[in-house]
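Here is how the chains run, residue by residue.
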Amino acid sequence: MKKTIALALLGLTVSGCGPLVKDSIIPRLTSVFQVRQVNAAVTPVSAATFDDSPVPLMLILSRETGVAVLVQPFMELENRTIWAAPANQTFTMEQGIIVETRGVDDGVHASDLGNMLVEMRRNGATRRSMEYLTGNDQIVRIDFDCVYSNLGSEVLSGFDRTISTYVVQEDCKNAQIQFSNYYWIDDRDVVRQSVQRLGLNGGAVETLLP
Amino acid sequence: MAKISNCVQAVLICGVVGVGSLAGAQEVRPHYSLYGTPGLVEMPSAHVAPDGEASVSVNGFGLQQRVGLTFQLAPRITGTFRYAHFDHVRGPGTADTYDRSFDFQYNVVREGPWLPSVSVGLRDFAGTGLLTSEYVVATKTVSPDIRLTGGLGWGRLGTRNGFTNPLGVLASGFETRPNNDFGLGGTPSFSQYFRGDAALFGGVEWRLTPKFTLVGEYSSDAYVRETNNGNLDPQSPFNFGLTWTPSESSQISAYSLFGTDIGLSFTHVFNPVNRPNVSGLDPAPLPVRVRGAGATPMVLGPQSSESLQTTLTQAMAADGIELQAIEFAGTEVRVRYENSKYRSEAQAMGHVVRILSFLLPDHYESFVLEPTDRGIALSSTRLQRRDVERFSQSVGGTRGIYDSAEFGPARSADTLTTVQTDQSAFEWGVRPYSDLTLFDPTNPATFDVGIEAVARYEFSPAFVLSGAVRDRLWTNREGKASGSGSVLPHVRSDIGRYGQTGSLALSNLAAAWYGIPGDNLYSRLTVGYLEQMFGGISAELLWKRTDSPFALGAELNYVAQRDFDMGFGFQDYDVLTGHLSAYWKMDNGFHVQLDGGRYLAGDWGATLSVDREFANGWRLGAYATLTDVPFADFGEGSFDKGIRVTVPLDWTSGQPNRTAQSTTLNSLSRDGGARLAVEGRLYEVVRKGHFDNYENSWGRFWK
């Protein structure tokens, strides 16, 4: 947890998280239509950052680059939420599970959860499908058999908050690839922290919802 | 001014291409020889690289230095272009020479549990013959770390301990190899292939660790020519080497050659299908707004068509797409737009769909998208909004939206409302330029650098006046400033006399008008200073259905040769030139083009081109032109031919970009088989907007 936050702060500092990039259509549309949108560029991040924000904020840290971004809800679509970062990135999540990314190198093009949301609460198993965009502009679909294990309780602390969670480990594999994801889930079934693999080449992120 | 950044990227591309990763490779890569091809030290192997893989190698020993480009053109076909420097080619004290050569290898048998990989190859099959040889070779991986190779060679590879050609049992003519009379070079030496004495060669690759490999071989190349003229005194048929593989994409080797020499080799391997940025860094697009799904639209859609038009124009402009015309017809919206940002028309289409779904009121049920280029509508794609909503975020959605789309020709423009934009009709820019020619017969690299000013005035999207002025600041081509000795009209061989350093030169200044005179028929008329050396008028017609892999074209030009100062004047030479063209887009990305007609020097003939285009925009190809100009009159190389590579800039940068950097390796100084270099030929303009083309990159639709 401390490592996550420290890296996130470092990432925010290094990446600058400055003004919205002009080539991003979302901020440009924001200016066109004057839609209310909180500027998520925050340096440094503190408890007040989250306390003062009129919308939920989430930290997403790239494990590969160590760069973190603050994202905020951009659109709700049935049971999915599209979280947008100022630097041209979106993360679509279903109950805290990332199902699609855009503007992210080595991201996931589309995925489904199978029966994951049920199985992860009862140490079950399900099959998940993920699609990736290859370097030759082709979509490849890979099916994974995933097994869920409850690792017990853990209290998250940081940003003047303490959150009681239980930790679920997700082990997914097929003939060529295997990986593990971790989810810290609170008593309202909200994923407060996670480590999730995204891309075909193993790109992974950590998420934190204080 | 946007073109300036593109230009800078183009200059950088050579340095960036090398970043290509090889992630995903599962097997041990081929070992690359001193010839830059899969092999041992100098002997070839039957190993086949993954489809599409390319290598750039720099190799050499005391007597010869070679630069090689090897491509796995198809799963079984390997092609190599090599540019070599020979020290004292005719013996100590004689002049050095440069030589270009081509190799071809076909993999006859795939390696299996018991069978070795077997390949047949030709080295230097159409050059000056300095390296000519043929071979049949087998390679077997006997353990994860040991690979054995053995083969039978002819030509150079049949010169050590050679024996009577076993192919003599088929015909006695195989037993004698005709003299090596290549004349001006450049023609296939069919009469020599697999003839004369044969000899055995072989060797082993032993991978000591994942990063170090030992290579040893018995060479069947006795270096007869070099020994006879006193350049070399080989002491041993055995060559050895140690190869360091610091990364999946590079090999560095040191060799002991002939018992007397040391050789060094560096090979960089990359595959166009592996993008440096795996899935690209394109900015996130707008999401699709699913009606009735609790989506909170950013904008409560204005209801009048005028307001909607304005809204859409702004939104699409923010995404690099120009809305040119629109029609609201009941529950259907039709948009005609020009994509100036995304290489993939499918990706641009996906972005337009997202914007329409995001902004349009809920009662619009279907979208019709008509991409344009240079003012001509290229095709039509109709999508149901419910399909857009259903497939935008689902696994299988990319395939699903493709299957649900209705493709066809663009509809009539009569019911469209033209969108007035506030974009200026006049654009200009200033940028640095570089003009590089590689592997010329007399110089490995010649180039100009300077400043270029460009300007463009758009009377309408289909009628544009554009031009460029260059100031050459530095060149190493000054030695070519004198007139050529060609016996043909100097339509290309005097190129070194154009645009002298220190004076402004008008590169081009021409008006181009595009149109659609009939169903599936496209037209272009270009008038002015068309290119560096010629000005005049160029007219072209192209027939192509939106769903057809075939196309036919006709081009007629009347042009005059420009003055050397590249001002407004012309010389006395003028010519009527033109071609009939046939185009065929084959499966698996191969494109074949045949052009027949009259060339700039007045010669008649035909050009055959074969290119392989990857879905990500990479393109590798070769062409050859044969005309009625005798080989002797053409000069070195005998006839015009070359290979070409196109690298899309979005592949290297990961950012959306429609620009590509193309390089053709040929001789620019020959007059036979030369075509007018007019910009904006129809086939490349039209096909990009036809769905038989953009389906290749449909994977980017939801990107």
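Since the model is a prediction, treat every value here as computed from it, not as a measurement.

The next subject is the overall build of chain A. Along its length, chain A carries four helices and twelve strands. Out of the 210 residues in chain A, the part that is buried amounts to 45%. Sequence separation of 24 or more characterises 41% of the internal contacts of chain A that already satisfy a separation of 6 or more.

A separate point is the overall build of chain B. Of the regular secondary structure elements, chain B holds ten helices and 32 strands. Relative to the compact-globule value of 27 Å for 703 residues, chain B shows a C-alpha radius of gyration of 28 Å, a close match. A principal-axis box enclosing the C-alpha atoms of chain B has dimensions of 90 × 65 × 45 Å. Long-range contacts, defined here as pairs at least 24 residues apart, represent 58% of the contacts in chain B between residues at least 6 apart.

Attention now moves to the sheet that holds strand β10 (residues 238-247) of chain B. Residue and element names in this part refer to chain B. Pairing in this closed barrel of twelve strands is antiparallel, and the strands run β1-β2-β3-β4-β5-β6-β7-β8-β9-β10-β11-β12 around the ring. Taken over all neighbouring pairs, the strand axes of this sheet differ in orientation by 20° on average, direction set aside. Note that strand β1 (residues 54-60) and strand β12 (residues 261-270) share seven bridges and pair antiparallel. If you follow V56 over to β12, its bridge partner there is H268.

Grouped together as the largest cluster of nonpolar side chains are 85 residues, with contacts concentrated most on A:M58, A:I60, A:V71, A:W83, B:M316, B:V352 and B:I355. Ranked by residue count, the leading element in this core is helix α4 (residues 345-359) of chain B, at nine residues. By size, the runner-up hydrophobic cluster in this structure holds 21 residues, among which are B:Y599, B:F634, B:F639 and B:L676.

Our focus in this paragraph is the interface of chain A and chain B. Contacts between the two partners involve 43 residues from chain A and, on the opposite side, 39 residues from chain B. At the level of elements, α2 (25-33), β2 (68-77), β3 (80-85), β4 (89-94), β5 (97-102), β6 (110-111), β7 (125-133) and β8 (139-158) of chain A are the ones that each hand at least two residues to the side of chain A that touches chain B. Here the side of chain A that touches chain B takes six residues from α2(A), the largest share from any one element. Partitioned by chemical class, the residues of the side of chain A that touches chain B number 15 nonpolar, 15 polar and 13 charged.

Moving on to helix α6 (residues 397-404) of chain B. Among the residues of α6(B), those classed as buried are B:G397, B:T398 and B:I401. All buried residues of α6(B) project into a common sector of 105° when viewed along the axis, lining one side. Considering only its buried residues, α6(B) is in contact with β6 and β8 of chain A together with β17 (380-384) and α5 (385-391) of chain B.

All names here are of chain B. Along its sequence, chain B is organised into domain 1 (21-270), domain 2 (305-422) and domain 3 (435-678). Placing a centre on the C-alpha atoms of domain 2 and another on those of domain 3 gives a separation of 34 Å. Listed by partner, the interface residues are 15 residues for domain 2 and 16 residues for domain 3. Residue classes in the side of domain 2 that touches domain 3 are distributed as four nonpolar, seven polar and four charged.

Residues and elements named next belong to chain B. Helix length check: helix α3 (residues 305-318), at 14 residues, gives a terminal C-alpha distance of 20 Å against a target of 20 Å (1.5 Å per residue), a fit within 8%. Three or more residues of α3 are buried, namely L308, L312, T313, A315, M316 and A318. Of the residues one or two after α3, G320 is the one with positive phi, at around 80°.

The subject of this paragraph is the sheet that holds β8(A). All names here are of chain A. If you trace the twelve strands from one edge of the open sheet to the other, you get β5-β4-β3-β2-β1-β12-β11-β10-β9-β8-β7-β6, paired in antiparallel fashion. Single-partner strands in this sheet number two, and they are β5 and β6. Sheet analysis places β2 next to β3, joined by five bridges and oriented antiparallel. Looking at the pairing, M75 lines up with I82 of β3.

What follows covers the confidence of the model for chain B. All names here are of chain B. In this model, chain B carries a mean pLDDT of 88, and residues with pLDDT of at least 70 account for 91%. Here residues 1-26 is modelled with pLDDT under 50, and outside its nearest four sequence neighbours on either side it reaches 44 contacts, counting other chains as well. Scoring of the predicted complex yields 0.84 for pTM and 0.83 for ipTM.

A word on the pairing of strand β9 (residues 212-218) of chain B. Residues and elements named next belong to chain B. The alternating pattern of β9 places T213, V215 and E217 on a buried face, while none of F212, L214, G216 and Y218, on the opposite face, is buried. Bridge analysis of strand β8 (residues 199-209) against β9 gives seven bridges, and the strand direction is antiparallel. Counterpart to W206 in the pairing with β9 is L214. Two successive antiparallel strands, β8 and β9, enclose a turn made up of two residues. Here seven bridges tie β9 to β10, and the two strands are oriented antiparallel to one another. Pairing of Y218 across the sheet is with F238, part of β10.

Moving on, we get to the packing of α3(B) against α4(B). All names here are of chain B. Viewed as axis vectors pointing N to C, α3 and α4 meet at an angle of 140°, and their least axial separation amounts to 10 Å. On the basis of their axis angle, the class for α3 and α4 is oblique. Handedness of the α3/α4 crossing: right-handed. Along the contact surface, α3 presents T311, L312, A315 and M316, while α4 presents V352, I355 and L359. Among the residues making up the contact of α3 with α4, the classes are represented as six nonpolar, one polar and no charged.

Moving on to unusual backbone geometry. Residues other than glycine predominantly adopt negative phi, and peptide bonds predominantly adopt the trans conformation. Phi is positive for A:N123, which is not a glycine, with a value near 50°. Tracing the sequence through the fold places A:N123 in the loop between α4 (116-119) and β7. Backbone geometry places B:N588, a non-glycine residue, at a positive phi of 50°. Note that B:N588 resides in the loop between β27 (570-585) and β28 (590-598).

Let us look at the environment of B:S404. Residue and element names in this part refer to chain B. Locating S404 in the fold gives a position in helix α6. Separated by 18 residues in the primary sequence, S404 and R386 place their C-alpha atoms 10 Å from one another. In this structure S404 touches L383, Q384 and D387, once residues within four positions along its chain are discounted.

This paragraph deals with the pairing of β5(A). Burial runs high along β5(A): six of the six residues are buried. In this antiparallel pair of consecutive strands, β4(A) and β5(A), the connection spans two residues, and A:Q95 shows a positive phi of 55°.

Conventions and cut-offs
Residues numbered from 1 in each chain as written. Chains lettered and ligands numbered in written order. Predicted model: local features only at pLDDT ≥ 70, side-chain atom pairs only at ≥ 80, totals over all residues. Helix = DSSP H or I, 4+ residues; strand = E, 2+ residues; numbered from the N terminus. Buried ≥ 20, exposed ≤ 12 C-beta atoms within 10 Å, placed from the backbone. Contact = placed C-beta atoms within 7 Å. Rg over C-alpha atoms; globule rule 2.2 N^0.38 Å. Pairing = 2+ DSSP bridges. Axes fitted to C-alpha atoms, helices over the stretch in contact; angles between N-to-C directions. Core = buried A, V, L, I, M, F, W, Y, C linked by C-beta atoms within 7 Å. Nonpolar A, V, L, I, M, F, W, Y, C, P; charged D, E, K, R; others polar. Arc of directions from axis to C-beta. Domains from an automatic or database assignment. Expected span 1.5 Å × (residues − 1). pLDDT = per-residue confidence, 0-100. Parallel < 35°, antiparallel > 145°, perpendicular 65-115°, else oblique. Left-handed = near helix turned anticlockwise from the far one by under 90°.

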